[in-house]
Amino acid sequence: MDAPSLPVVTLKIERRSQHPWIFQKMVERPAARLPPGSLVEVRDRTGQYVGRAFYNGHSRITLRLLTTNPDEHVDPAFFTRKLADAITFRRDVLKLDAVTDAYRLVHSEADGLSGLVVDRFGDTVVIEFFAAGMFKQRDAIRAALAEHFPGCRFYWFAEEHVGKQESFDCRPPEPPPPGVITEHGLKFRVAPGSKHKTGFFVDQRENRRLLASFCGGKRVLDLCCNTGGFSVYAKALGGAADVTGVDLDETALELAKQNAKLNNAQVRYVQADLFPWLRDVVPNGERFDVVVLDPAKLTRDRETVDVALRKYCDMNRLALHAVAPGGVFLTCSCTGLVSESDFLESVRRAAWQAGRQLQVFKVAGAGPDHPFLMSVPEGRYLKAVFARVT
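Below you will find a few notes about this structure. Just so it is clear, the model here is predicted, and its values are computed rather than measured. (Residues numbered from 1 in each chain as written. Predicted model: local features only at pLDDT ≥ 70, side-chain atom pairs only at ≥ 80, totals over all residues. Heavy atoms only, no water.)

**Some points on the pairing of strand 15 (residues 288-293)**
Point 1. Of all 6 residues that make up strand 15, 5 are buried, and the element is covered over most of its length.
Point 2. Looking at chain direction, strand 15 and strand 16 (residues 323-333) are connected through 5 bridges and run parallel. By the bridge assignment, Val290 is partnered in strand 16 with Val328. (Buried < 20%, exposed > 50% of the residue type's maximum accessible area, 1.4 Å probe, protein only. Helix = DSSP H or I, 4+ residues; strand = E, 2+ residues; numbered from the N terminus. Pairing = 2+ DSSP bridges.)

Printed below as a string of structure tokens:
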């Protein structure tokens, strides 16, 4: 049976891009009002077929292309295929099950599912919606995921600003009880539904392991330590002599302490803002052989990227004063709107202002379960710069 015909949305331009986002200014307003998240057929201004997409006239990203194949329909079978492909890549190609039971299953555009992120934490699957269209398909998405993770618990959510921008009302279920996941032999308590989004940052897995390799017998400082990922790795896997974690968030530090205990790791956690804390300890001569700086996202707004870059510069300058000569410094940015080149420039400026020289030996990103498409550079959001400080 043929699929029902879809409303047609026409572009003001000829299509000359592989990027799945088409912005409001490029789209003709449809004659009839279409609810946010409607499935539509897209044609360019010459009448040429472009693809099938989610339409949202309220959103700056008005169209999110899902397929350019005229013979491929966006139905429950479409989501079954796409999710199976994403999960098979993680399990059979990346072989992540041998390393961890917590990893990203779907990374939005990179897996052909714009507006959807899915993470696995043991027997809990966490779904984050970024688009009204994906939210409308939530039943098909959950059904397809349940085929691969039978008996799993689901938790789903959308950040408040996303719901407003996309005009949909995602009401999360009761959060599942906190669980324990394993990563490179270490255990971490994960609390989906807490204000820390999915409950644990799986994107830093490989960077945590690499950082641990520099920590044997060293003094380590983990700034913006969150739930203790880097600090626990430094002590439990890296054999650090002494580890201090600093964060302003009391609930995150409570989880960090539980994670240290789970791994029999002695870590000192301090609740403090990193700026006054560093200004107190550095003049006292406190120095650390390994310093990690991994702050939360600093902006979601293109208008305030310059402000974010200045803040990165300020915090990196202060952190560099705490690194012992010859020490290792890992500085990170998960702000997607800040490019790698701009972040590196802010770190360079910070080093100059601090009177330090940085010998960068690795610039990394998120783990391989967070792939990105060459045509969608926004998917490459995490920057992790490893350097030796002289």
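We are not done yet, so read on.
**Comments concerning the sheet that holds strand 6 (residues 102-107)**
Point 1. A sheet is described by the order of its strands in space; here 4 strands give the open sequence 6-7-8-9, paired in mixed fashion. Bordering the open sheet on either side are strand 6 and strand 9 (153-157), each of which pairs with just one other strand. Strand after strand, the sheet turns through a mean of 20° between neighbouring axes, direction not considered.
Point 2. The pairing of strand 7 (residues 116-121) with strand 8 (residues 124-129) spans 6 bridges and is classified as antiparallel. If you follow Arg120 over to strand 8, its bridge partner there is Val125.
Point 3. Sitting on the sheet, helix 3 (residues 138-148) is in contact with strand 6, strand 7, strand 8 and strand 9, with an inclination near 150° to strand 8. (Axes fitted to C-alpha atoms, helices over the stretch in contact; angles between N-to-C directions. Contact = heavy atoms within 4.5 Å.)

**Digging into the nonpolar core**
Point 1. Within the largest apolar cluster, 36 residues are counted, with the highest numbers of intra-cluster contacts made by Phe121, Leu211, Tyr269 and Leu330.
Point 2. When residues of this core are assigned to their parent elements, the largest contribution, 4 residues, is made by helix 6 (residues 229-237).
Point 3. Each residue touching Leu211, except ones within four places of it in the same chain, is listed here: Phe230, Val290, Val292, Leu330 and Phe386. (Core = buried A, V, L, I, M, F, W, Y, C linked by side-chain atoms within 4.5 Å.)

**Notes on the pattern of salt bridges**
Point 1. Going through the model one piece at a time under the given rule, you end up with 25 salt bridges.
Point 2. Arg104 is paired through a salt bridge with Asp119; the nearest N and O atoms lie 2.8 Å apart. Of this pair, Arg104 sits in strand 6 while Asp119 sits in strand 7; the two residues are 15 residues apart in sequence, bridging distant segments of the chain. Taken as a pair, Arg104 and Asp119 share a single burial class, namely buried. (Salt bridge = Lys/Arg side-chain N within 4 Å of Asp/Glu carboxyl O.)

**So, the sheet that holds strand 18 (residues 383-389)**
Point 1. With mixed pairing, the 7 strands of this open sheet are ordered in space as 14-13-12-15-16-18-17. One side of each edge strand has no neighbouring strand; the edge strands of this open sheet are strand 14 (268-271) and strand 17 (358-364). For this sheet, the mean inter-axis angle between neighbouring strands, taken without regard to orientation, is 15°.
Point 2. Direction of pairing for strand 12 (residues 219-223) relative to strand 13 (residues 242-247): parallel, over a ladder of 5 bridges. Bridging across to strand 13, Arg219 finds its partner in Asp242.

**A look at helix 9 (residues 305-321)**
Owing to its 3.6 residues per turn, the α-helix brings residues three or four apart onto one side.
Point 1. The end-to-end C-alpha separation of helix 9 is 25 Å, in line with the 24 Å expected for 17 residues at 1.5 Å each.
Point 2. Those residues of helix 9 that fall on the buried side of the exposure criterion are Val305, Ala308, Leu309, Tyr312, Cys313, Met315, Asn316, Leu318, Ala319 and Leu320. (Expected span 1.5 Å × (residues − 1).)

**Observations regarding the environment of Arg91**
Point 1. When you line up the elements, Arg91 lands in helix 1 (residues 76-93).
Point 2. A residue is classified by how much of its surface remains accessible, and Arg91, at 27% relative accessible area, is partly exposed.
Point 3. With 14 residues separating them in the primary sequence, Arg91 and Leu105 have C-alpha atoms 9.4 Å apart.
Point 4. Beyond its immediate chain neighbours, meaning those up to four positions away, Arg91 contacts Leu96, Asp97, Tyr103, Arg120, His148 and Phe149.

Read these as geometric descriptors, not functional statements.
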